[in-house]
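Understanding the architecture of this molecule
Listed below are the residues making up each chain.
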Amino acid sequence: MKLLVTGGAGFIGTNFVYHILTAHPEDELVVLDKLTYAGNIENLAPVRNDPRLTFIKGDICDRDLVQNLVKQVEAVVHFAAESHVDRSIQDATSFVMTNVVGTQTLLDACRRNGNIRFHHVSSDEVFGSLGPSGAFNEKTPYDPRSPYSASKAGADHLVRAAWHTYGLPISISNCSNNYGPYCFPEKFIPLSITNLLEGKKIPLYGDGMNVRDWIFVEDHCRGIDAVLRRGRLGKTYCFGGRSERTNAEVTQMILFEMGCGREMIQPVTDRPGHDRRYAIDFRKAETEFGWSPETPFLHGLRKTIEWYRTNTAWWQRIKSGDYLQ
């Protein structure tokens, strides 16, 4: 299969590229990435010379470019997105352009080129906030609380509309919080790890009792691959890590694993609209194609800490703004 992977130089996209090249050596990949703050061509350095991989620097809102690339492939896996909630609070417009207009541009190109298979990678944040019990699933009503989650919800609706209106062969996946190698270091877990490596404190929002379900990025990539090849068209699949933790608990685990004490926590004012709890019910994916998370949280956290210890130059260049584009 020949795939167009949008956002393939970002965190999850990079890991998906490595997964496909390893799990499906017969596949070919075209990676399209704008290389903004979250996309880093250095992520793909080990495979840049692989004949199965073609990299294109470009914008998913560029209709001519997208049209030309889509006509060369059999399927599109769409990761490209503005994704950091704090940035969306400061500037929502870029999130609407990339996440909503960019997604529609891709859908239009898929339709014009004979209904190319389209998989859209979304977030559990589109569902809003849970109470102390229960979990999000494929039938949970949408209730986004931030400009980021609202823009992803809009994209999800456009993808479903393409299925219902035009019969475009689509699927959607909503995942819980990803962690692992190549995660941009402004995100919670890599920020905590790299701050400690620099001798700085970990910022902790509010009372630290916000709950997230964490999924190791390699588990998530296996799930996306399974949906692409075995999922039912027009359907949504949820992927979770079975690893609910409060932010305070995750912070304490990182401190312990890195040999630091609670004095390295820096309380900060809570962000506006900060959802209290997320959790994912992934039984649909488990039932239909046998997917389940394989990486226990502590094991994945240790692998992540070791990756950032080993790749100091990578994250230091990003934190300083001095990285390749």
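Above this text sits the structure in question.
Heads up: these notes are all about the structure in this document. Note that this is a predicted model, so its numbers are computed, not measured.

1. What about helix α11 (residues 312-320)?
Every buried residue of α11 is listed here: W314, W315 and I318. One side of α11 carries all its buried residues, which in axial view fall inside an arc of 80°. Packing partners of the buried residues in α11 comprise α6 (188-197) and α10 (297-310).

2. What to know about unusual backbone geometry
Of note in the backbone geometry, Y182 takes a positive phi value of approximately 75° without being a glycine. In this fold, Y182 is placed in the loop between β7 (177-179) and α6. With phi around 55°, R242 is a residue other than glycine that occupies positive phi space. With respect to the element layout, R242 can be found in the loop between β10 (236-239) and β11 (244-246). Residue R242 is classed as exposed on the basis of its relative accessible area of 57%.

3. Things to note about the pattern of salt bridges
A complete count under the given rule lists 20 salt bridges for this structure. As a salt-bridge pair, E198 and K200 come within 3.6 Å of each other at their nearest N and O atoms. E198 gets classed as partly exposed once you look at its relative accessible area, which sits at 33%. Among the residues examined, K200 registers a relative accessible area of 44% and is labelled partly exposed. Note that E198 and K319 form a salt bridge whose closest N and O atoms lie 3.0 Å from each other. Taken together, the residues E198 in the loop between α6 and β8 (202-205) and K319 in helix α11 connect sequence positions 121 residues apart. The exposure class assigned to K319 is partly exposed, which follows from its relative accessible area of 30%.

4. A closer look at α10
Between its first and last C-alpha atoms α10 spans 20 Å; for 14 residues at 1.5 Å apiece the expected length is 20 Å, and the two agree. Elements that come into contact with the buried residues of α10 comprise β7, α6, β9 (211-216), β11, α8 (247-257) and α11.

5. Quick notes on the sheet that holds β9
Spatial ordering of the open sheet is given by β7-β9-β11, a layout of three strands whose pairing is mixed. Edge positions in the open sheet fall to β7 and β11, since each of these has one partner strand only. For this sheet, the mean inter-axis angle between neighbouring strands, taken without regard to orientation, is 50°. Against the sheet, α8 engages β9 and β11, with an angle of about 85° to β11.

6. Concerning the environment of P272
Along the chain, P272 turns up in the loop between β12 (265-268) and α9 (283-289). A relative accessible area of 57% means that P272 is categorised as exposed. Along the chain, P272 and V85 lie 187 residues apart, while their C-alpha atoms are 9.8 Å from each other.

7. Quick look at the nonpolar core
In this structure, F16, I189 and I254 are the most contacted members of the largest nonpolar core, which totals 54 residues. Per element, the largest residue contribution to this core is seven residues, and it comes from helix α1 (residues 11-23). Apart from residues no more than four positions distant in its own chain, F16 is found in contact with L3, V5, V77, F79, C221, I224 and D225. Counting residues in hydrophobic clusters, the runner-up holds 22 residues, among them I60, L69, L107 and C110.

8. Description of empty space enclosed by the protein
According to the stated counting rule, one finds one cavity of 30 Å³ or more in the structure shown. What the largest cavity holds in volume is close to 30 Å³. Counted by class, the lining of the largest cavity contains seven nonpolar, three polar and no charged residues.

9. So, the environment of K200
Looking at the element boundaries, K200 is found in the loop between α6 and β8. Between the C-alpha atom of K200 and that of I215, which follows or precedes it by 15 residues, the distance is 26 Å. The residues contacting K200, other than those within four sequence positions of it, are N195 and M264.

Each value, and the rule that gives it
Residues numbered from 1 in each chain as written. Predicted model: local features only at pLDDT ≥ 70, side-chain atom pairs only at ≥ 80, totals over all residues. Heavy atoms only, no water. Buried < 20%, exposed > 50% of the residue type's maximum accessible area, 1.4 Å probe, protein only. Helix = DSSP H or I, 4+ residues; strand = E, 2+ residues; numbered from the N terminus. Arc of directions from axis to C-beta. Contact = heavy atoms within 4.5 Å. Salt bridge = Lys/Arg side-chain N within 4 Å of Asp/Glu carboxyl O. Expected span 1.5 Å × (residues − 1). Pairing = 2+ DSSP bridges. Axes fitted to C-alpha atoms, helices over the stretch in contact; angles between N-to-C directions. Core = buried A, V, L, I, M, F, W, Y, C linked by side-chain atoms within 4.5 Å. 1 Å grid on protein atoms, 1.4 Å probe; cavity = no way out; pocket = protein on both sides within 12 Å on 5 of 7 lines; lining within 4 Å. Points joined across faces, edges and corners; volume = space filled by probe spheres on them. Nonpolar A, V, L, I, M, F, W, Y, C, P; charged D, E, K, R; others polar.

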